[in-house]
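Chains, contacts and geometry: an overview
For reference, the chains in residue letters:
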Amino acid sequence: MLNLLILLFLFLVLLTIWLNIRHHDVKWKEHRISIDDFRFPKGFLWGAATSAHQVEGDCRNNDWSRWEKSFDSEARPRIKNSDTAGMAADHWNRYKEDLRLLRELGCNSYRFSVEWSKLMPRPGVWEQSAADHYIETCMTMRDTGIEPNLTLHHFTLPQWLAERGGFEHPDSVRYFADFTEKTAETLGPYVDLWATFNEPVVYALMGWVRGVWPPGKRDPNLAARVLANLLKAHQRAYRILHKTVRTDADGDGVPCKVGIVKNISIFDPARKWWLPDWLTTLTLDRLYNHALLDAFRTEQFRFNLFNTVRFRKDLPGLADTLDWIGVNYYTQYLTRFDLKSELKIRLEPKKKLPRTDMDWAVYPAGLYRALKIVRVFGVPIYITENGIATQDDQLRKRFILQHIEAVHEAILDKIDVRGYYYWSLMDNFEWAEGFEKRFGLYYVDYQTQERTLKNGAQIYGDIIKNSQTIDE
Ligand code: FCB
């Protein structure tokens with residue numbers, strides 16, 4: 001018996017050592033290179049990102065506009081300070097100025113999304129004036145040397161579709177296919193880079209597990225069903241886009257490249273020598289980072305959380321529907337096994353690291369680790385979002401510099417990164433956080449809608465202008 005206990009103890013020690021070795025931190029000598037030495041691949045896309053509901057203004061006909069005016073079960077407003085997106089950053093009317101500001105920084109690409117509820121205000125109705133607006137936006141980009149990178153779904157749904165159950169309902173796949181086809185017919189001549197969905201896991205987590213975004217449910221089983229429908233919709237959209245988009249707008253020989261945008265967060269154990277913390281770390285890493293992406297290799301979506309959720313769906317044909325992957329990276333969480341909390345898991349930022357106004361730890365090495373996670377798919381990677389909400393210009397400057405340094409390290413290590421988009425071009429409506437959190441490169445005065453480049457953002461332009469091309 002004693003021997004058995006000793007053996008078990010030794011096994012656990014070895015397992016912990018193995019886990020620590022396998023999931024080691026990455027480190028490089030900070031600022032080993034000055035920005036003048038930065039070298040990026042030829043054709044690297046430098047950009048900034050936005051999403052329709054957060055910047056355009058006047059989105060009155062989607063699920064978020066309803067949600068912003070509703071209250072939770074304890075009669076509290078859904079959005080911090082009772083904000084509503086309203087006119088947001090009035091990007092709908094100011095897009096020309098905004099694209100000029102983007103160009104002034106030296107950027108050559110813009111990641112944006114189209115608002116489904118404006119293009120299809122009612123089922124089966126295509127609103128040509130909204131379509132014309134997006135055509136003009138894309139033409140302005142093409143005329144000024146900005147490569148459009150278009151996201152079809154960035155968290156919002158037309159109200160009519162939300163009323164029909166949104167992505168909980170299998171019909172959503174058909175509705176999304178229809179929307180994709182019409183958008184592809186309209187914008188295909190200008191757009192080569194397409195993303196179907198922005199952050200499916202965040203969308204499902206906030207709307208169906210935490211219940212702090214519409215539809216405000218707390219049912220992990222439904223969240224799994226939503227994710228499976230999103231994957232099906234992605235697959236349909238992938239084929240439709242390739243069939244419909246025939247113009248090679250950027251002249252690289254391929255008319256359209258379709259990807260999905262995945263948020264990656266880095267999870268590490270709060271106590272590296274405590275196996276239960278490893279258990280929570282690995283569980284979260286699996287559910288949050290890997291479950292959805294793995295379906296693109298196995299053609300099966302599995303989503304299991306202890307004994308709360310057991311979900312499995314075969315998705316034949318899903319493999320080979322990724323021409324690229326978008327990575328949104330913001331932070332690292334330390335995870336702690338905690339018997340007192342509902343899901344037995346507690347997340348916290350590492351104490352030693354600087355914090356953003358979102359209370360997220362600033363951890364640039366995490367971007368390198370995120371890129372390593374997705375490199376296994378063997379497709380080009382774009383960093384579709386990375387940014388900081390802060391009032392502290394020095395911190396913003398350091399954040400940008402250190403994260404681009406991490407991208408540079410990844411490229412030196414032969415990870416196929418093709419572009420970087422800062423989130424966000426200008427301050428905007430940050431979902432449940434309202435307008436308080438300011439991620440923008442440009443400060444927005446919401447009274448006058450005046451934009452001003454933030455001091456801490458200047459470095460981004462300097463990096464772009466100084467960066468050289470890797471010799472082939
Ligand atoms: C991402 C979202 C984006 C923005 C940033 C801060 O999860 O895609 O819309 O809210 O976070």
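Further up the page is the structure itself.
Residues numbered from 1 in each chain as written. Predicted model: local features only at pLDDT ≥ 70, side-chain atom pairs only at ≥ 80, totals over all residues. Heavy atoms only, no water.

Bringing the overall build of the protein chain into the picture now. Helix and strand counts for the protein chain stand at 14 helices and 15 strands. Here the C-alpha atoms of the protein chain give a radius of gyration of 22 Å, agreeing with the 23 Å that 2.2 N^0.38 yields for 472 residues. Along the first, second and third principal axes, the C-alpha atoms of the protein chain reach 80 × 55 × 45 Å. Within the protein chain, the fraction of its 472 residues that count as buried is 58%. Total accessible area on the protein chain stands at roughly 20500 Å², and carbon and sulfur atoms take up 52% of it. In the protein chain, 63 positive and 62 negative side-chain charges are present, and the distance between their average locations comes to 6 Å. (Helix = DSSP H or I, 4+ residues; strand = E, 2+ residues; numbered from the N terminus. Rg over C-alpha atoms; globule rule 2.2 N^0.38 Å. Buried < 20%, exposed > 50% of the residue type's maximum accessible area, 1.4 Å probe, protein only. Areas by Shrake-Rupley, 256 points an atom, 1.4 Å probe, with all protein chains shown as cover. Lys, Arg positive; Asp, Glu negative; His and termini not counted. Charge placed at Lys NZ, Arg CZ, Asp CG, Glu CD.)

What follows deals with empty space enclosed by the protein. Taken as a whole and judged by the stated rule, the model has two cavities of 30 Å³ or more. When its volume is computed, the largest cavity comes out at roughly 80 Å³. Surrounding the largest cavity, 14 residues form its lining, E56, H91, F112, S113 and Y134 being those nearest its centre. Taken together, the elements giving at least two residues each to the lining of the largest cavity come down to α2 (52–55), α4 (91–104), β3 (109–113) and α6 (128–143). Tallied by class, residues from the lining of the largest cavity come to seven nonpolar, six polar and one charged. Of the volumes computed, that of the second largest cavity is approximately 50 Å³. Looking at the second largest cavity, the residues that line it are S51, A52, H53, S113, V114, E115, W116, L152, H153, H154 and T156. Mapped onto the lining of the second largest cavity, the elements with two or more residues apiece are α2 and β4 (147–153). By residue class, the composition of the lining of the second largest cavity is four nonpolar, six polar and one charged. (1 Å grid on protein atoms, 1.4 Å probe; cavity = no way out; pocket = protein on both sides within 12 Å on 5 of 7 lines; lining within 4 Å. Points joined across faces, edges and corners; volume = space filled by probe spheres on them. Nonpolar A, V, L, I, M, F, W, Y, C, P; charged D, E, K, R; others polar.)

These results come straight from atomic positions and should not be treated as a statement about function.
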